[in-house]
Every structure is written in C-alpha cells, then in structure tokens.
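Listed here are the chains, written in short residue letters.
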Amino acid sequence: MIRNLTNRIILIVVIVALALWIDLSSEVNIINPISNEPFFTRSVAPRLGLDLQGGLQVLLEADIPADQQIDSQSMEVAREIVQQRTDALGVSENAIQVAGDRRIVGEFPGLADTDSVLTTIQQTGLLEFVDTGDFAPEPGTILYTDYSPAGGQAELPPSGEVIYHTIMTGAELDAVTVGQDQLGANYVINFRLKSEGAQIFGAHTSANVGNVLTIVLDKQVISAPRINSAITGGEGTITGGFTYDSANAFAVQLRYGSLPVPLKIVETRIIGPTLGADSLNKSLIAGSIGMTIVALFMIIYYRLPGIVAVLSILIYAVITFAVFKWFHFTLTLPGVAGFLLSTGAALDANILIFERLKEELRSGKNLAQAVDQGWTRAWSSIRDSNLAAIITSLILFWFGSTFGATIVQGFSLTLALGVAISLFTAIYVTRTLLSLFLKIFKPQNFDRWFGI
Amino acid sequence: MIDILSKRYYYFLFSLLVIVPGLIFLAVDGLPLSIDFTGGSLFEIAFEEGKTIGTEGINAIYESVGIDDAQVTTTNNGSVLIRSSFLTEEARNQVVTAMEVESGGSVTVISFDSVGPTIGAQVASRAALAVGVAALGVVIYITLAFRKVENAFRYGVCAIIAMAHDVAVVFSVAGVGARFFEWQMDALFLTALLTVIGFSVQDKVVVFDRIRENANLLRRLEYETLVNHSIVQTLQRSINTQLMTVEFLLLALALFGGVTLQEFAVILLVGLLSGTYSSIFVAAPILVLWEKREWTTWFRRRPNP
C-alpha cells in the first residue's frame, strides 16, 4: 500500500501543528534562542469583512471622460493619497485598493463615523509652503503648521512638537512644469505663482535666503529645498537632483494639490454593526449544524473510511483557516458560503474514492488492491472536476476585482483556495490516515468496517 | 441494472416543467435587477421606539432633496427600507438630518447601498461577459480533457447544453422568487449563478469520466448500455455528494444563515441540485440521442421503446 507511511504521518502532523499554531494565536513570534530577540514576527489576527462586523465600503472612480486613458501610476499615487488621508483619521484596518484601471475601492471595517471618512476622501489635498528655518526635514516626516483649512483653530500637536509657520498654500500656484537645468544634466521643477502669492513669496524669500522652505502635502513633508536666492518675479525653480520620473511625480503633486486624478464617489455601502454581528453568529451556527449532520452521515454510511474522511475534513478546515489568517485574507459572509461549498468539494473527492473502494471490494479484490485501485481510478475524475471548479473561481475573482466587488472576490478566493487545499487533504491525508487505521485495526469483516 | 436512459424524453419534459413557469414570470415581470446592476440606493434605517415617520413623511423628505421615486417598505423586524434612485453622500446626510428633526429621535443606519447609474450598467455587461468566458473556458477544458475519446467535442457541447439547462433553472427560481418573495438579482445572485456553472461542469466531468473509462473496458457494449452503465455506477456518488453533503450544508445555511445569505443559499441549493440532475438526466441522454441520431425519427411514428 504505502511504503513510507511514517514519513507521511510526520509531515501531516507537522503541517497540522503549524496550522493550529497560527489558528490559535493572533501573532506568530519566533525568538532567536541565542540573543533572545524576536527573530520573526507576523500578525495573524483574523480579518472580518464589512458584512461580518459592519463598516463602510466606497468605490471611487476617476472623474474624467471614459474614453480618456489613465496611467496606472497616477491611480497608484491617488490610492496612496487616499490611504494617507484616511490613516490620519485613525481608522484601523482600512484597506484601499486600485480596482481595474479607473477605480479605487476603500474598505473601513468596523467604522462607526462614516461621514468624516467620506468627506475626507473627497477633499483635495492641502499643499503648504512652510518656513522651517535652518531645519531640512526628511521627506515623509509629519509637520505641524499653524494653518487650518476651514479658517478655524489649527489642530493642536502633541506637546513638545514644534509648530511651524505656513507661508502660503498650494492655492497660490498658477503653473508647474518640469524642465532641465542649464547643463542639461538634472531635471528641475519650474513654477509660476499667482499675483498675491508672488508678493508673499517674494517678501519671504528675500528675507530668508539660505533657509529651508519645506513643501508639505497633507502635513507630510514631500521636499525641503533651500532658498538659494530671492524669488520676486513670481517664477522660480526647485532643484534637487531629480530624475525625470521623480520630477514628474513631484510636479503632479504640486499641480493637483494632491490627487493626480480627480475622484468621485460612485458607490457607497454602509453596514451597521448590529447587522454584521447578527450575520456572523447566524452563519457560524448554520455552518456547524450543517457540518455536524454531514459528519454523522459520512460516519454512518462509510464507517471506518467515513471517520477518516471526517478527520481529514477537520484537518482541511484547520489548514484553510490558517492560510486565511497568514495571508490576511478577509473573511466575508459569502466567503463562509464558499468555504462550506469547498468542504463539499473536499468530501466529494473522498466519496468518489470510497465508492470506488467499495466497488473494488465487492468485486472480490483484497483490501490492499482495493485501496490502491480506489485512489488511482478516482484520480482522473477528481483532477478534472476540481480543475473545472478552479477555472470558474478564477474568472469570478477577475470579475470581482475589476469592480471592487469584494464580496464576489472573497467568495471566489475561498472557493479556489478551498478546492486546492481539499485536493491535498483528499489525496494525501485521507489516504495516509486510512492506511494507518487499517494497519492498527486490521479489519476482516468488510461488511461491518466499510458498509459494503 | 436499472434502465435510466430509456425514459429520456420524460426527463426532458420534467426539465421543461421546472424551467418554463419561472421564465414566464421573468418575461412578464421583467428581470428583477437590483441596484448592483441598475444603479440606485437602498437605505435601511431604524427609528427610535415610538418616534417613527410614515411613508408620506419619508417621501416628502426625499422629494425635498430632489428624489421623487422613493419606495418605502417596512421589514419584519421593524426597520424601514427605502429604495430610490442614486443618493449622493450629501443627500443622504440631509435625509438623515431631516428624519431626525421630523421624528424627534435619533435615526440608526442599519445599512446603506448606493450605486451610481453608470457603474451599474458596466457591472451588468461585465457580468454577462464573465458568464460567457466561464462557459467557453469549460468547453475548451472538457474537449481537451476528453481528446482521446471518440467525438470529444460532443462531450463539451453536451456539458454546455446541460449547463444552459442549469442556468435556465437558476433563472426560473429567481423568477419565481421575484414574483412571490420580492427577490432581486444582485451581485450575490451572479456569484451563485457562476458557482452553479462551475459545479455543474464538475458533475458532468465525473459522469463523462466514467463513460471514458468504460468505453475502453467494455468495447463490445452498445453505446446506450455503456452510458447507462456509467450513470448507474456514479449514481451513488452523485446522491451522496450532492444530496447528503453539499445540499445539507446549503440547507443549513438557508434555514439558519440569516437574511443576507438566504436567497443566495436557496439559489445555490436548487442550482447545484439541477447540476447533478442534468448530468444524469440531460447531458448523458443527449449523448445517446446524438449517437443514435434520434432527431431523424422525431417526426415519424415513434417506434416502441
């Protein structure tokens, strides 16, 4: 039957142990035994989708004519900006993704205050020119300034942080272009200011030659050039070792305040927290009732192999859940349905094999031959049928991802993953466990042990 | 051995009886497309105990923000469901504020779905494409997987006919559901439909695979007997997999899984059942019918079966 049974069992035990470790903890830590420092850390907290814990989903679409091409880079920049803005609101676990070539989907699970997020997303970013004296902050640093957009009180920084003075905002910019310096070696940014801005800028640069003028987008430093000379004509140049790409990216940020493409909200879904919790409980109850009935059926009908199948389904569930937690896949309600269906597919593989096994036993083969034949003969059906299921799941996933229909995505992902893992458990785990059980029990009465 | 195939025309009749009524409902009532495909808003709210506003009040509030097609229904658990055309974020805020003023209590948002009109149309066309691509992918796959069998192409075509049968059954169920339970075709319906397609093919492959295997072993048998043989051999598996496991799981989901998944679970339940049924009672009989070229005798006097 199986020659290297011990090796197989060891492998299964190791996989199940690893999976259980991930299932039962919210963080995986491996500590370096010599230095006692964490060697490897990964958070494996389960992620519940909007439909299970409530929250907000918005679909944003580039607000430009449909026949106009948008390059993927600007969509990515826009995505980053939306991400930064909503991160600043202190919303945890939000996920912002580009969906297709002109849409961005944002998900905020567990969010109660949906209004503030929606307003923030639609704002155009705030570009500020800040006087930081002699200090040149690194790009990405968060600065606190004395400017507030609504004309009200500026946000108070944590104590100990310096508040810098904002000279003017991006509203004063008239035009921004990318050019090359006289030597033609480096790219530079040329800008022109509106008349009021030109005056403010002229006065400031005349008085502060040698100081740093930091450019801040949504309170985050994007560049900190030094003032080389007074700029009084309303036109100036920013140098700083730009490449062609970085100069263009920077120009885009200056030009549009922030968003490289204007965005509008085309779809909003809000799910209240009570509805989410209710769905979670009900689907869990439904799942366990269904699974219990199915397990009972398998054991009563297939006897010994039935018990093995139920065991391998449990192993399958343990592994699938671990894969979900490890890769931070979001669990959604259709995802639960997809999981149950793929459990069906996993059982189907077992049933195909067991039916074959019984047939072979009835036709008078001995046990070892019957087990071998059961697997080899059922394999082509299992392979072809599961591949067909995976093909459809992939098409569904593609459909879901172009429209930010994360519900569809979640379903197809669980289905595909479940089918793939179920192939492993049906072919490898069930067979190994069955061989082990047969070795231990040495059944003689096929009628009783196999229910033929 | 049970003779399944000889009664094939009764099975076709039975399928028609299942499919036609629902399709008539769909033809009469139109496709019950949800806002996922048509665009629009679905707003579910709950008023504070004893501080509710009537349907006219809600309609008036909606009209004040320029929307005059609001339809208000009350759900079983006392919340209010309002369907309307696309509601922007500002309009929604205005509506909630106006409702709070009018009712004198707070208004809880249970759920809010709002889909812009252009996006809905795009989803609908892309969905049709997804179904088409899935069907095509499957025919190619089956033709390839059965390339060593005589007339491999027939198996692919029969799988597609049976798949079309299952899609028709799913639509029929949706039509009946729309007429009697106010069901709608939404993104989840589409998901269910595509799943039915996937599993339907899976089922056909299992039966066809048995035919493929038997064709090598039992060369002398007549084709009809061979196919009948193969069906009977896989019958136990079909019953156990579909009825006893998958259908039980879905039934549990339909009964206890809460409103969100109920419709989805029922459609999957019927669709997957149809998938199993059609492998045995549609796809296999058509294979035989094709082999015997039975259409040549359809309009003559039927020979005794």
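Colleague: Help me out: how do you make sense of the overall build of chain A in this one?
Modeller: Within chain A, the regular secondary structure consists of 11 helices and 16 strands. Within chain A, contacts between residues separated by at least 24 positions form 71% of all contacts whose residues are at least 6 apart in sequence.

Colleague: Before we go on, may I ask you to explain the overall build of chain B in this structure?
Modeller: Broken down by element type, chain B carries 9 helices and 4 strands. Of the regular secondary structure in chain B, the N- to C-terminal order runs α-α-β-α-β-β-α-β-α-α-α-α-α. Taking 2.2 N^0.38 as the reference for a compact globule, 305 residues should give roughly 19 Å; the C-alpha atoms of chain B span a radius of gyration of 25 Å, well beyond that estimate. Considering only C-alpha atoms, chain B reaches an extent of 85 × 40 × 35 Å along its principal axes.

Colleague: Quick question: what am I supposed to make of the confidence of the model for chain B here?
Modeller: Low-pLDDT portions of the prediction should not be read for the details of their coordinates. Residue and element names in this part refer to chain B. Of all residues in chain B, 97% have pLDDT values of 70 or greater, and the mean over the chain is 82. By mean pLDDT, helix H5 (residues 117-145) is the weakest element of chain B at 76, and helix H1 (residues 8-29) is the strongest at 89. The ipTM assigned to the predicted complex is 0.72, against a pTM of 0.71.

Colleague: Looking at this model, I keep getting lost on the sheet that holds strand S12 (residues 213-217) of chain A. Mind explaining?
Modeller: Picture the strands of a sheet paired through backbone hydrogen bonds; they go either parallel or antiparallel. Residue and element names in this part refer to chain A. An order of S8-S9-S7-S12-S13 is seen for the 5 strands of this open sheet, with the pairing classed as mixed. The open sheet terminates on both sides in strands that have one partner only, identified here as strand S8 (144-145) and strand S13 (220-223). Sheet analysis places S12 next to S13, joined by 3 bridges and oriented antiparallel. For Leu217, the partnering residue across the bridge sits in S13 and is Gln220.

Colleague: For this particular structure, what's the right way to read the sheet that holds strand S2 (residues 71-74) of chain B?
Modeller: Read from one edge of the open sheet, 8 strands run S5(A)-S6(A)-S4(A)-S15(A)-S4(B)-S1(B)-S3(B)-S2(B), paired in antiparallel fashion. Of all the strands in the sheet, the pair left with one neighbour each is strand S5 (95-99) of chain A together with S2 of chain B. Between one strand axis and the next, the sheet turns through 20° on average, direction left out of account. Bridge analysis of strand S4 (residues 55-62) of chain A against strand S6 (residues 103-109) of chain A gives 7 bridges, and the strand direction is antiparallel. Each residue of the ladder has a partner; that of A:Leu60, found in S6(A), is A:Ile104.

Colleague: For this particular structure, what's the right way to read the pairing of S6(A)?
Modeller: Every other side chain in a regular strand lies on the same face of the sheet, so the side chains alternate between the two faces. Residue and element names in this part refer to chain A. Burial runs high along S6: 7 of the 7 residues are buried. Going residue by residue along S6, you find Arg103, Val105, Glu107 and Pro109 tucked away on one face and Ile104, Gly106 and Phe108 tucked away on the opposite face as well. Pairing between S5 and S6: 5 bridges, direction antiparallel. In the strand pairing of S6, Val98 is matched with Ile104.

Colleague: Explain the pairing of S4(A) here, please?
Modeller: All names here are of chain A. The buried fraction of S4 is high, at 8 of 8 residues. Burial along S4 is two-sided: the residues Gly55, Gln57, Leu59 and Glu61 and Leu56, Val58, Leu60 and Ala62 are all buried. Where S4 lies against strand S15 (residues 263-271), 8 bridges are found, and the strand directions are antiparallel. Bridge pairing in S15 links Leu56 to Ile270.

Colleague: Please explain the packing of helix H7 (residues 273-326) of chain A against helix H8 (residues 223-256) of chain B as it appears in this structure.
Modeller: When two helices pack together, their arrangement is given by the angle between the helix axes and by the axis-to-axis distance. Closest axis-to-axis distance for the H7(A)/H8(B) pair is 8 Å, and the angle between their directions is 155°. Relative to H8(B), the element H7(A) is oriented roughly antiparallel. Where H7(A) crosses over H8(B), the handedness of that crossing is right-handed. Taking contact as the criterion, the partners of A:Lys282, A:Ile285, A:Ala286, A:Ile289, A:Gly290, A:Ile293, A:Val294, A:Phe297 and A:Tyr301 in H7(A) are, on H8(B), B:Asn240, B:Met244, B:Thr245, B:Phe248, B:Leu249, B:Ala252, B:Leu253 and B:Phe256.

Colleague: Whenever I open this one, the interface of chain B and chain A confuses me. Can you help?
Modeller: How big an interface is tends to be reported as the loss of accessible area on association of its parts. Contacts between chain B and chain A engage 53 residues on the former and 57 residues on the latter. Where the side of chain B that touches chain A is concerned, the elements lending two or more residues are helix H4 (89-103), strand S4 (107-115), H5, helix H7 (187-217), H8 and helix H9 (259-292) of chain B. Among the elements that make up the side of chain B that touches chain A, the one with the highest residue count is H7(B) (13 residues). Looking at the side of chain B that touches chain A residue by residue, the classes come out as 31 nonpolar, 17 polar and 5 charged. Examined bridge by bridge, S15(A) and S4(B) share 5 bridges and lie antiparallel to one another.

Colleague: Any chance you could explain the domain arrangement of chain B here in plain terms?
Modeller: Under the domain assignment used here, chain B contains domain 1 (5-34 + 119-297) and domain 2 (40-115). Placing a centre on the C-alpha atoms of domain 1 of chain B and another on those of domain 2 of chain B gives a separation of 41 Å.

Colleague: Please explain the environment of A:Thr392 as it appears in this structure.
Modeller: Within the element layout of this structure, A:Thr392 appears in helix H9 (residues 367-402). A residue is classified by how many C-beta atoms lie within 10 Å of it, and A:Thr392, with 29 of them, is buried. On a C-alpha basis, the gap between A:Thr392 and A:Gly374 in space is 27 Å, while along the polypeptide they are 18 residues apart. Ignoring sequence-local partners within four residues, the contact set of A:Thr392 consists of B:Ala134, B:Leu194, B:Ile197 and B:Gly198.

Colleague: What exactly am I supposed to notice about H4(B) here?
Modeller: Along an α-helix, residues three or four positions apart point the same way, because every turn accommodates 3.6 residues. Residue and element names in this part refer to chain B. Its 15 residues place the ends of H4 21 Å apart at the C-alpha level, agreeing with the 21 Å of an ideal helix rising 1.5 Å per residue. Taken as a whole, H4 has its buried residues at Arg92, Val95 and Met99. Looking straight down H4, one finds that the buried residues subtend no more than 60° of arc, so they occupy a single side. Turned more than 90 degrees off the buried face of H4, the exposed positions are Glu90, Thr97 and Val101.

Colleague: Please explain the confidence of the model for chain A as it appears in this structure.
Modeller: Per-residue pLDDT for chain A averages 79, and the proportion of residues at 70 or more is 89%. Per-residue pLDDT, averaged within each element of chain A, yields its smallest value for helix H11 (residues 446-450) of chain A (70) and its largest for helix H1 (residues 5-24) of chain A (88).

Colleague: What is the right way to read the nonpolar core from this model?
Modeller: In globular proteins that are soluble, nonpolar side chains generally tend to be buried together. Counting 174 residues, the largest nonpolar core has A:Ala337, B:Leu253, B:Ala265 and B:Ile267 as the members making the most contacts within it. With residues up to four places along the chain from it excluded, the contact list for A:Ala337 reads A:Phe411, B:Leu253, B:Leu261, B:Phe264 and B:Ala265. Within the second largest apolar cluster, 22 residues are counted, among which are A:Met168, A:Phe201, A:Val216 and A:Ala251.

Colleague: What's the story with the packing of H5(B) against H7(B) in this structure? I'm lost.
Modeller: Residue and element names in this part refer to chain B. Orientation of H5 relative to H7, taken along the N-to-C sense of each, is 10°, at an axis distance of 11 Å. For the element pair H5 / H7, the angle class is roughly parallel. Within the contact between the two elements, H5 uses Ala127, Ala130, Val131, Ala134, Ala135, Val138 and Ile142 and H7 uses Leu190, Leu193, Leu194, Ile197, Val201 and Val205. Taken together, the residues that form the contact of H5 with H7 break down as 13 nonpolar, no polar and no charged.

Colleague: Explain unusual backbone geometry to me, please; I cannot follow it from the model alone.
Modeller: Only a minority of non-glycine residues have a phi that is not negative, and only a minority of peptide bonds are not trans. In this structure, A:Arg303 takes a positive phi of about 55° despite not being glycine. In this structure, A:Arg303 sits in helix H7.

Colleague: Sorry, what's going on with the environment of B:Ile142 here?
Modeller: All names here are of chain B. Mapped onto the elements, Ile142 comes out in helix H5. Take Ile142: there are 24 C-beta atoms within 10 Å of it, and that puts it in the buried class. It is 8.2 Å that separates the C-alpha atoms of Ile142 and Phe153, two residues lying 11 residues apart in sequence. If we ignore the near neighbours within four places in the chain, the residues touching Ile142 are Tyr155, Gly156, Ala159 and Val205.

Colleague: Looking at this model, I keep getting lost on the environment of B:Ser85. Mind explaining?
Modeller: Looking at the element boundaries, B:Ser85 is found in the loop between strand S3 (80-84) and H4. Separated by 18 residues in sequence, B:Ser85 and B:Ile67 place their C-alpha atoms 7.2 Å apart.

Cut-offs used in this document
- Residues numbered from 1 in each chain as written.
- Chains lettered and ligands numbered in written order.
- Predicted model: local features only at pLDDT ≥ 70, side-chain atom pairs only at ≥ 80, totals over all residues.
- Helix = DSSP H or I, 4+ residues; strand = E, 2+ residues; numbered from the N terminus.
- Contact = placed C-beta atoms within 7 Å.
- Rg over C-alpha atoms; globule rule 2.2 N^0.38 Å.
- pLDDT = per-residue confidence, 0-100.
- Pairing = 2+ DSSP bridges.
- Axes fitted to C-alpha atoms, helices over the stretch in contact; angles between N-to-C directions.
- Buried ≥ 20, exposed ≤ 12 C-beta atoms within 10 Å, placed from the backbone.
- Parallel < 35°, antiparallel > 145°, perpendicular 65-115°, else oblique.
- Left-handed = near helix turned anticlockwise from the far one by under 90°.
- Nonpolar A, V, L, I, M, F, W, Y, C, P; charged D, E, K, R; others polar.
- Domains from an automatic or database assignment.
- Expected span 1.5 Å × (residues − 1).
- Arc of directions from axis to C-beta.
- Core = buried A, V, L, I, M, F, W, Y, C linked by C-beta atoms within 7 Å.

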